[in-house]
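# Analysis of the macromolecular model
Here is what each chain is made of, one letter per residue.
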Amino acid sequence: MANIKSAKKRILVNKTKAARNKAVRSAVKTSIKKVEAAVANNDKAVAETALKDAISTISKATSKGVYHKNNCARKVSRLTKAVNSIG
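Heads up: these notes are all about the structure in this document. Bear in mind the structure is a predicted one, so any value in this text is a computation, not a measurement.

What counts and how
Residues numbered from 1 in each chain as written. Predicted model: local features only at pLDDT ≥ 70, side-chain atom pairs only at ≥ 80, totals over all residues. Heavy atoms only, no water. Helix = DSSP H or I, 4+ residues; strand = E, 2+ residues; numbered from the N terminus. Contact = heavy atoms within 4.5 Å. Core = buried A, V, L, I, M, F, W, Y, C linked by side-chain atoms within 4.5 Å. Buried < 20%, exposed > 50% of the residue type's maximum accessible area, 1.4 Å probe, protein only. Patch = residues over 30% accessible without salt bridge, like charges linked within 9 Å, V, L, I, M, F, W, Y side chains within 5 Å. Areas by Shrake-Rupley, 256 points an atom, 1.4 Å probe, with all protein chains shown as cover. Salt bridge = Lys/Arg side-chain N within 4 Å of Asp/Glu carboxyl O. Lys, Arg positive; Asp, Glu negative; His and termini not counted. Charge placed at Lys NZ, Arg CZ, Asp CG, Glu CD. Axes fitted to C-alpha atoms, helices over the stretch in contact; angles between N-to-C directions. Parallel < 35°, antiparallel > 145°, perpendicular 65-115°, else oblique. Left-handed = near helix turned anticlockwise from the far one by under 90°.

By the secondary structure assignment, G87 is in the segment after α3 (69–84). In this structure the C-alpha to C-alpha distance between G87 and A37, which are 50 residues apart in sequence, comes to 16 Å.

In this section: the environment of I55. Locating I55 in the fold gives a position in helix α2 (residues 44–63). For the pair I55 and S31, spaced 24 residues apart in sequence, the C-alpha separation works out to 8.6 Å. Setting aside anything within four residues of it in sequence, one finds I55 in contact with V76 and T80.

Moving on: the nonpolar core. Generally speaking, a soluble globular protein has its nonpolar side chains buried in company with each other. In terms of nonpolar packing, the biggest core is built from 18 residues, with V28, V35, I58, A61, L79 and V83 touching the most fellow members. Those elements that provide at least two residues to this core are α1 (5–40), α2 and α3. Contact partners of V83, with chain neighbours within four places excluded, come to V35, V39, K44, A47, E48 and L51.

This part takes up unusual backbone geometry. When glycine is set aside, most residues are seen to have a negative phi, and most peptide bonds are trans. Positive phi outside glycine occurs at N42, with the angle close to 55 degrees. Within the secondary structure layout, N42 lies in the loop between α1 and α2.

For the rest of this paragraph, the subject is a positive patch on the surface. Side chains of K5, K9, R10, K17, R20, K60 and K64 sit close together on the surface and give a patch of like positive charge. The element that contributes the greatest number of residues to the positive patch is α1, accounting for 5 residues. Structurally, R20 is set in helix α1. The exposure class of R20 is partly exposed, given its relative accessible area of 42%.

Moving on, we come to the packing of α1 against α3. Their axes nearest at 10 Å, the elements α1 and α3 cross at an angle of 20 degrees. Relative to α3, α1 is oriented roughly parallel. Of the two elements, α1 crosses α3, and the hand of that crossing is left-handed. Residue-level contacts link I32, V35, E36 and V39 of α1 to K75, L79, A82 and V83 of α3.

Worth remembering: the numbers are spatial, not functional.
Structure below.
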């Protein structure tokens, strides 16, 4: 356990940031699963609305620094490609 005051504060701040990051990551995963479920059911309308929400969630996570911008772009690209493949 840390004895120095600044080290104790860092531990608390890191816990707070980790909790926020975990919540954001969870939200992104949930939105991705909704898109993938709609694609699996071949429901284009639902998939497109879910894709719009997922892109928004992923972009917010990137702007908060939870994901790298290339990781964000890759996720969005894969989801878009999956939705477009429904036909």
